[in-house]
Amino acid sequence: MNMNTRNKESALVVFSGGQDSTTCLLWALKRYQKVIAVSFDYGQRHKAELECAKEITEKLGVEWQVLDMELLNQLAPNSLTREDIIVDENAPDVGAPNSVVDGRNMLFLTFAAVFAKQRGITDLITGVSQSDFSGYPDCRDVFIKSLNTTLNLAMDYTFCIETPLMWIDKADTWKLADDLGGLDFVRNMTLTCYNGIKGDGCGHCPSCKLRREGYEAFLVRYSK
């Protein structure tokens, strides 16, 4: 491989404007002098997601880029890209929920890596978690490690995919945000809801349930 020098001063965060990626963005800002956030326009059901990402990065003074991934919408129709498909509110007995976008994290991280290499950045940060992966196969540690190796080989470049949330649950994700001084920021500024409602969201989609249950567990687990 090329003897490239790891630029520990810079990192790229795969950024949706949701709870997890915003916590990762705050985490990165504590560790790197230069942080870039990259979001993806893939024809997602709610454009508010991108608006939220823009607002957060502006408030934090972070460079923000949006990459066009519209083809993903055509390839993988699901409840997050089609208004006529109702989001599963309960996990199915068999198979993955209909909110899974096949290949999304693989494509996002691959395109993020291409972007990062042009900037001389090696460290890619993503908010996936095996503890709370909720049936999403591309949130597992084995996938991330596999893709990291593949990206290194494909581009002859030493990437490092960082996953600060991989082994913690939602309660500890809230705790991390609190430790970073961003608890209220994450709670009020982010959009995690599958129905496109900012902050605490609709309260009944799977993402809102996981977020709320995690917050309630955080309050109990770390009450003083």
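You'll find the structure just up there.
Residues numbered from 1 in each chain as written. Predicted model: local features only at pLDDT ≥ 70, side-chain atom pairs only at ≥ 80, totals over all residues. Heavy atoms only, no water.

Draft legend 1. Inspection of the pairing of strand β2 (residues 34–41) at higher detail. β2 sits mainly inside the fold: six of its eight residues count as buried. Relative to β2, strand β1 (residues 10–14) is paired through five bridges, and the arrangement is parallel. When the bridges of β2 are listed, serine 10 appears paired with lysine 34. The β-α-β motif built from β1, the intervening helix α1 (residues 19–29) and the parallel element β2 has right-handed crossover chirality. Examined bridge by bridge, β2 and strand β3 (residues 63–68) share six bridges and lie parallel to one another. Residue pairing in the sheet places alanine 37 in a bridge with tryptophan 64 of β3. (Buried < 20%, exposed > 50% of the residue type's maximum accessible area, 1.4 Å probe, protein only. Helix = DSSP H or I, 4+ residues; strand = E, 2+ residues; numbered from the N terminus. Pairing = 2+ DSSP bridges. Right-handed = clockwise from strand over helix to strand, strands pointing away.)

Draft legend 2. Region of the structure containing the environment of cysteine 52. Structurally, cysteine 52 is set in helix α2 (residues 48–60). Considering only alpha carbons, one finds cysteine 52 and threonine 190, 138 residues apart in sequence, at a separation of 6.7 Å. Among residues more than four places away in sequence, those in contact with cysteine 52 are Gly17, Met189, Thr190, Leu191 and Lys198. (Contact = heavy atoms within 4.5 Å.)

Draft legend 3. Highlighting the packing of aromatic side chains. On inspection of all chains with the given rule, the structure shows six aromatic pairs. Ring-pair connections join several aromatic residues into one group, and the members of that group are Trp174, Tyr215, Phe218 and Tyr222. Lying over the aromatic face of tyrosine 222, lysine 175 brings its terminal NZ or CZ to 5.1 Å of the ring centre. (Phe/Tyr/Trp six-rings, centres within 6.5 Å; stacked < 30°, edge-to-face > 60°. Lys NZ or Arg CZ within 6 Å of the ring centre and 35° of its normal.)

Draft legend 4. Region of interest: the pattern of salt bridges. Within the structure shown, the criterion is met by twelve salt bridges. In this structure, aspartate 179 engages lysine 175 in a salt bridge whose closest nitrogen and oxygen atoms are separated by 2.9 Å. Pair noted here: aspartate 179 and lysine 175 are both in helix α6 (residues 170–179), with a separation of four residues, about one helical turn. When its relative accessible area of 52% is taken as the criterion, aspartate 179 is described as exposed. When salt bridges that share partners are traced, they join Lys34, Glu63 and Arg119 into one network. (Salt bridge = Lys/Arg side-chain N within 4 Å of Asp/Glu carboxyl O.)

Draft legend 5. Layout of unusual backbone geometry. Of note, aspartate 156 is a non-glycine position whose phi angle comes to about 50°, a positive value. Mapped onto the elements of the fold, aspartate 156 is located in the loop between α5 (141–155) and β5 (160–162). On the basis of relative accessible area, aspartate 156 is assigned to the partly exposed category, the value being 29%.

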